[in-house]
Amino acid sequence: MAEYYSNSISRKKKRTNRVYSGKELTLLLLDVVATLAMLLLFFSTITTIICQYISPEKSGALSVIALGAPIIYLLDIVVMFYWVVRWRWYRASVMIAMVALGWFYLSRYYKIELDRNYDTSYKERLYIKVMSYNVREGKSEGLADYIKKHNPDILCLQEIFGLENIALLQENYKSTKRDGDGVGNQIMSKYRIIRSGEIEGLDRKSAVWADLKIKDDTVRVVSLHLQSTSIRQEDTQFLEKHEYILDKERDTKLRSIVERLVENNRKRAVQAECVAEFLKSSSHTTIVCGDFNDVPLSYTYNSIVDGLDDTFSKMAEGFAYTYNTKYRLLRIDNILVSPLVEVVSYEVDNGADFSDHYPVISRVKLNPNI
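Here is a short report on the structure shown in this document. Predicted model, so just to flag it, every value in this text is computed and none were measured.

**Digging into the side chain of asparagine 334**
- Residue position: asparagine 334 is located in strand β12 (residues 333-337).
- By relative accessible area, which is 1% here, asparagine 334 ends up buried.
- Within the structure, asparagine 334 has its side chain in polar contact with the backbone oxygen of isoleucine 332 (distance 3.5 Å).
- The contact partners of asparagine 334, leaving out residues within four places of it in the chain, are Ser132, Val288, Cys289, Gly290, Phe292, Tyr301 and Asp310.

Here it is as structure tokens:
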């Protein structure tokens, strides 16, 4: 018995005094980093999924995490493969579960097209061509000619204050009522506008609607420009260029950016609730266009898309971004339609340089069986 205990103690001493090789130390360090990353990603992934159902008024700073959802889901996959390669199946199973959860929301960011049709010719007379474009004041030279070239049947413009371009477009379109120079949102249509107005609780710069007579159907079109993030140019430069400033100043800057994001997330949530209530009160076929100023896994987007189809999720190919930033991650401009409307095409023209946003264009068919 004494010999047994003696051998046991000897083995423990050998394990304690074991000298790790350089490769083993590297793998051990990587395991520690991957474990910490796994814990952080677990929290972040769950947060991105839950926060779209909770108003930013309650979720606070957690609502900002949704901005990084595409990167978070990508890192989930990377860490999952790391644990699979390391044959750490318990930890790999946790990451597989995270990837599976994110997979349900993948179509809001990346559309996998298995049966791709390379014939992009369309018989335009069969479809309704819809364009949504935040034109950033709309005073850029050539903007009207660009829109005329695309020739949409329904045109929703946000941040449109350039009356000269509006006048040029009105040669081809009927438009909703203007209030002097403070246009904000504008719906222009080749179809007759029966009535139009604002959404209760929102001003004209945030939302406008119009009922269009299209053959025997009445189609309600809504154009939105919801609360801005209030991220200024110097904020963007700070985030993109990682400028080296004093730690105290950097912390103050980051805190300021997060506080403004949270505050405007809250304002946007209230606006989205007003829009959602308005949409549910209508029995008409609906097309919602506009700059939501929020990402597809946000409370804002989730509130408005409820009961509608996102034309991106229906007919996009791959990844799309509608806001011009260095990282090209933000799809904040959308075209949504009623479920009975057939979505024929979706595209974002990233070559348009009239604004810091890009136009979103979709072709739809009101009566799929015709």
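**Looking at the nonpolar core**
- Ranked by internal contacts, the top residues of the largest apolar core, which has 29 residues, are Ile128, Val130, Ile154, Leu212, Ile214, Val221 and Ile287.
- For this core, the secondary-structure elements that each account for two or more residues are β2 (128-137), β3 (154-160), β7 (207-214), β8 (217-225), β9 (285-291), β12, β13 (342-348) and β14 (360-365).
- For this core, the leading source of residues is β7, giving four residues.
- In contact with isoleucine 128, other than residues within four places in its own chain, are Asp153, Ile154, Tyr191, Ile214, Ser362, Arg363, Val364 and Leu366.
- Ranked by size, the runner-up nonpolar core spans 20 residues in total, among them Ala34, Met80, Val99 and Tyr105.

**Quick word on the sheet that holds strand β5 (residues 184-189)**
- Spatial ordering of the open sheet is given by β4-β5-β3-β2-β14-β13, a layout of six strands whose pairing is mixed. For this open sheet the edge positions go to β4 (174-175) and β13, each flanked by a neighbour on one side alone.
- Both β13 and β14 contribute to a ladder of six bridges, which runs antiparallel. What sits directly across from tyrosine 346, in β14, is serine 362.
- Lying over the sheet, helix α6 (residues 143-150) contacts β2, β3 and β14, oriented at roughly 165° with respect to β2.

**Some words on the sheet that holds β9**
- If you walk across this open sheet you meet the six strands as β6-β7-β8-β9-β12-β10, and the pairing is mixed. In this open sheet, the two strands that pair with only one neighbour each are β6 (192-197) and β10 (309-310).
- Inspection of the sheet shows β10 paired to β12 by two bridges, in the antiparallel sense. By the bridge assignment, aspartate 310 is partnered in β12 with leucine 336.

**As for α6**
- Listed in full, the buried residues belonging to α6 are Leu143, Ala144, Tyr146, Ile147 and His150. Axial view of α6: buried residues confined to an arc of 160°, hence all on one face. Of the residues in α6, the exposed ones pointing more than 90 degrees away from the buried face are Asp145 and Lys149.
- Where α6 is buried, its residues meet β2, β3, α7 (163-169) and β14.
- Asparagine 151 sits one or two residues past α6 and shows a positive phi near 55°.

**As for unusual backbone geometry**
- Positive phi, normally seen in glycine, also occurs at arginine 136, with a value near 50°.
- Mapped onto the elements, arginine 136 comes out in strand β2.
- On the basis of relative accessibility, which here comes to 44%, the residue arginine 136 falls in the partly exposed class.
- Positive phi values are uncommon outside glycine, yet glutamate 137 reaches one of about 80°.
- Along the chain, the position of glutamate 137 falls in strand β2.

**Comments concerning the pattern of salt bridges**
- What the rule picks out here adds up to 10 salt bridges.
- When the shortest N-O distance is used, the salt bridge between arginine 220 and aspartate 211 registers 2.7 Å. Aspartate 211 matches arginine 220 in its accessibility class, with the two residues each being buried.
- Put simply, aspartate 310 and arginine 331 hold a salt bridge, and the shortest N to O gap is 3.2 Å. Taken together, the positions of aspartate 310 in strand β10 and arginine 331 in the loop between β11 (318-319) and β12 put the pair 21 residues apart, joining distant regions of the chain.
- For arginine 331, a relative accessible area of 3% gives the class buried.
- Via salt bridges that share partners, Asp31, Arg86 and Arg88 belong to a single interconnected network.

Each value, and the rule that gives it
- Counting restarts for each chain, with residues numbered from 1 along the sequence as it is written.
- Only residues with pLDDT of at least 70 are given local features in this predicted model, and only at 80 or more are side-chain atom pairs given and counted; all residues enter the totals for whole chains, interfaces and linings.
- Note that water and hydrogens are dropped before the side-chain values are worked out from all heavy atoms of the structure.
- Secondary structure elements follow DSSP: runs of H or I no shorter than four residues count as helices, runs of E no shorter than two count as strands, and numbering proceeds from the N terminus.
- The classification of residues rests on relative accessible area computed with a 1.4 Å probe and restricted to protein chains. Under 20% of the type maximum is buried, over 50% is exposed, and intermediate values are partly exposed.
- Polar contacts, as counted here, are pairs of nitrogen or oxygen atoms within 3.5 Å of one another; within protein the pair requires one atom able to donate a hydrogen and one able to accept it, and residues that are adjacent in sequence qualify only if both atoms are side-chain atoms.
- Residue contacts follow a heavy-atom distance rule, with two residues in contact if any of their heavy atoms lie within 4.5 Å.
- Nine residue types can take part in a nonpolar core, namely buried Ala, Val, Leu, Ile, Met, Phe, Trp, Tyr and Cys, and a core is a set of them joined through side-chain atoms within 4.5 Å.
- Pairs of strands are assigned from DSSP output, requiring at least two bridges between the strands.
- For helices, the axis comes from a line fit to the C-alpha atoms of the stretch in contact; other axes are also lines fit to C-alpha atoms, and the angle between any two N-to-C directions lies between 0 and 180 degrees.
- Taking the helix axis as origin, the arc is that swept by the directions to the C-beta atoms.
- Put simply, a salt bridge is a Lys or Arg side-chain nitrogen that is within 4 Å of an Asp or Glu carboxyl oxygen.

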